[in-house]
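So the chains spell out like this:
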Amino acid sequence: MPDFFLAELRRFRNGAAAYALANLVVLTVLQQIVDVPNAPVGLHIIMLGFYMLSGLALAVFQFGSYRQPSRWIWLQHRPVHRARLLAALVLAAAALIALAVALPLCAALLMQDHYTRNVIDARHYAGAAYLALSALCAWLAGGYIMLHRSRWAFVVLVLPVVLTMRLATAATVLGLTLACAAILLALLYTVFRPNRSAADDTVATAASAIPLQVCCYVALLWAGSMLYQAGLVAAGAHPLVREPAPAGGLTETRRFKPVETLRAGLAGSVDPRAAAWRAALDPQALASLAPIFRQYGVRDLMTTQGMARFVQGDTIWTFSHDRMLFRGVDARTRTDQGVFGAGGPGTRERFDTVPESLGGIRGSRWFFDAHNLYRVDEPGMRLRHVLRVDGQEQLGAVTVLGQRILVLTNHRLALLAPATGAPSSSANVTLPLPFGDLDRVYVAQFAEGTLVSLVYGHREFDGALPAQQITYLVDPSARVQEVARRSMAHDFAPLYEHRSWWISPALHALVELPDLLIDAGTIPDYGVNRFAPLLQARPATVWTAALAAALLAGAGALWWTRRTRLGRTARTVWCLACLLLGVPALLSLMILQPRLRAAGLAAAAPERLRVRAG
């Protein structure tokens, strides 16, 4: 409907133009303080939240005015299908958001690319498109909230956050955002009808139920977790802040000094040398390292993940995803200083992934990406290649102990020697459990060899493997022997650790599936199927809780639907859905099918009888 589309543009054109001008001015001023395109991810999240709030405010004002009874009748009761009316509104909102959000962002990027030597990649323009699409998603969600008859419809705002906020490639995130916009548009269409108080038909109910159930699941998980932890803190019983920490648990082990951790790991050893090792532990001959980076920035990531820039003298080196190299600019003269590749300044050898940097390790500085480890030779910042790993194996951390370089990957701990010059020999300790569960590694040297103690339990609070400590001895001939194993107590109750599963096993799998399918740069567990988290074992108490939650949801659905306009078939379907999907399905039922009061129930009785007779 072109006339209605143009009318909406005329209605908001002055506000959109003023917003666009203010947006451009703020971006220009902010750019003088920080390099906005290559700024930390926190600033980008703040910008995303601001633009989404702007889209939501537009929807609240726009639909808040149209939902008034007289205006709603004027809008809907005309010889035009409601789909065309909604299309005009959506196209007008998209045009206004493009003018107010996308155009200033692209203009700011073009000015920087043309007038400065800042690194501007194609991913930054994709970021501008993502911010505009996110504002449109917020507008669609706001329209759904304003037109829905339930006050709990605001849970739909969880959908854009869960679906689109991912550290994946620009193409992946834009595709997810378009899919989110399509889902929200379908939801908005189900409530964009002449009689907003009428019950939804079967198609509208089905279209609304699944996204709402996902949103209710995430909202219930977040809210329940925060309330539970707040209660523990208020009672002084939270394991992470409690003094002293629960005995024998992972929190206590994390608070130990390295010597204490190794002694605890050797306490139950049957090796006759363990007592002598415990007594001879020397803090000066001991090192510890942890997976400092569990996720690398993928190429063409829209925001900043990894080492975006570093300073060498007067030169600021900024990483370019288009080239997979650093580009240098003199901070005083703003002149071009060339490129910085995998060999150092002036080299054009590309990094495999966005590189990371570590400094202050025995006076050395290190560069590494997912598969290559480099040591910085001062002066000149030349990069000397130390180690390469291939395939699924990726680097996780590095440190130095004596004359050995200790390199942690997702498959092994490599002990390279010597620490000066090219490594001439190595010993490998294969990780006995998945890398994602590894919390920290402690290494100590003795006359008999090198003790390596691995503390697991990093994901225990999220229902993964229980925490335990495994200690190995690497003798001078590079032979690896297990000498001790210690199991640690649970700091939290099993129901809290497995909270994301027992609330709704089916929705847990649905929500986790995108994380398992999308490459976000997370270092994988070596040799483990990517779908293994969906099949992990659960304690009996957790299974009991899941069954109880399903039965409670089914009983609640049976009770709730007795005072609704639903027929027998629809009631049966809802009860079965609640049994299968649990409490989130019951919450979505309460949102989509509000209960009738006594007068409304009496008026609906003849209609229900006709449905049953038919």
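For the structure given in this document, a descriptive report is provided here. (Residues numbered from 1 in each chain as written. Predicted model: local features only at pLDDT ≥ 70, side-chain atom pairs only at ≥ 80, totals over all residues. Heavy atoms only, no water.)

**A short note on the overall build of the chain**
- Tallying secondary structure elements over the chain gives 18 helices and 18 strands in all.
- Projected onto its principal axes, the C-alpha coordinates of the chain cover approximately 90 × 65 × 40 Å.
- If you take every contact in the chain between residues at least 6 apart in sequence, the share linking residues at least 24 apart comes to 63%.
- For the chain, the exposed area adds up to about 28100 Å²; of that, 63% sits on carbon and sulfur atoms.
- Across the chain, the centroid of the 57 positively charged side chains sits 13 Å from that of the 39 negatively charged ones. (Helix = DSSP H or I, 4+ residues; strand = E, 2+ residues; numbered from the N terminus. Contact = heavy atoms within 4.5 Å. Areas by Shrake-Rupley, 256 points an atom, 1.4 Å probe, with all protein chains shown as cover. Lys, Arg positive; Asp, Glu negative; His and termini not counted. Charge placed at Lys NZ, Arg CZ, Asp CG, Glu CD.)

**Quick word on the pairing of strand β10 (residues 382-388)**
- Pairing analysis gives six bridges linking strand β9 (residues 372-377) to β10, with the strands arranged antiparallel. Bridging across to β10, Y374 finds its partner in H385.
- The hairpin formed by β9 and β10 contains four residues between the paired strands, and G380 there has a positive phi angle of roughly 100°. (Pairing = 2+ DSSP bridges.)

**What to know about the nonpolar core**
- Of all hydrophobic cores here, the largest spans 92 residues; its most connected members are F63, W139, L184 and F192.
- Counting residues per element, this core draws most heavily on helix α5 (residues 122-147), at 16 residues.
- Apart from the residues lying within four places of it in its own chain, the contact partners of F192 are F63, W72, L75, Q76, R82, L85, L86, L89 and L147.
- Among the nonpolar cores identified, the runner-up in size contains 40 residues, and A287, L415, L431 and V452 belong to it. (Core = buried A, V, L, I, M, F, W, Y, C linked by side-chain atoms within 4.5 Å. Buried < 20%, exposed > 50% of the residue type's maximum accessible area, 1.4 Å probe, protein only.)

**Looking at the packing of helix α2 (residues 41-66) against helix α4 (residues 82-115)**
- At their nearest, the axes of α2 and α4 sit 12 Å apart, and the two run at 150° to each other. Judged on the interaxial angle alone, α4 and α2 are roughly antiparallel. α4 is crossed by α2, and the crossing has right-handed handedness. Where α2 abuts α4, its residues M47, Y51, Q62, F63 and Y66 lie against L89, V101 and L105. (Axes fitted to C-alpha atoms, helices over the stretch in contact; angles between N-to-C directions. Parallel < 35°, antiparallel > 145°, perpendicular 65-115°, else oblique. Left-handed = near helix turned anticlockwise from the far one by under 90°.)

**Quick look at the sheet that holds strand β4 (residues 325-330)**
- The antiparallel open sheet is built from five strands, whose spatial order is β2-β3-β4-β5-β6. Edge strands, defined here as strands with exactly one partner in the open sheet, are β2 (309-312) and β6 (344-345).
- By the bridge criterion, three bridges tie β4 to strand β5 (residues 336-341) in an arrangement that is antiparallel. Its bridge partner being in β5, F326 is matched across the sheet by F340.

**Comments concerning unusual backbone geometry**
- A cis amide bond, omega -5°, links E243 with the succeeding residue P244.
- Mapping P244 onto the fold places it in the loop between α8 (202-234) and α9 (250-255).
- The phi dihedral of R334 is positive, around 60°, even though this residue is not glycine.
- Relative to the elements of secondary structure, R334 occurs in the loop between β4 and β5.
- Although it is not a glycine, A478 sits at a positive phi angle of roughly 75°.
- One can find A478 in the loop between β17 (468-474) and β18 (480-487).

**Quick word on the sheet that holds strand β1 (residues 286-289)**
- The strand order β1-β15-β16-β17-β18 describes an open sheet built from five strands, whose pairing is antiparallel. Two strands in the sheet have a free side with no partner beyond their single neighbour: β1 and β18. Strand-to-strand twist across the sheet, computed as the mean angle between neighbouring axes with direction ignored, equals 15°.
- Pairing between strand β16 (residues 449-456) and β17: seven bridges, direction antiparallel. When the bridges of β17 are listed, V455 appears paired with Q469.
- Of the strands in this sheet, β1, β15 (438-446), β16, β17 and β18 touch helix α10 (residues 258-266), which is tilted by about 90° from β17.

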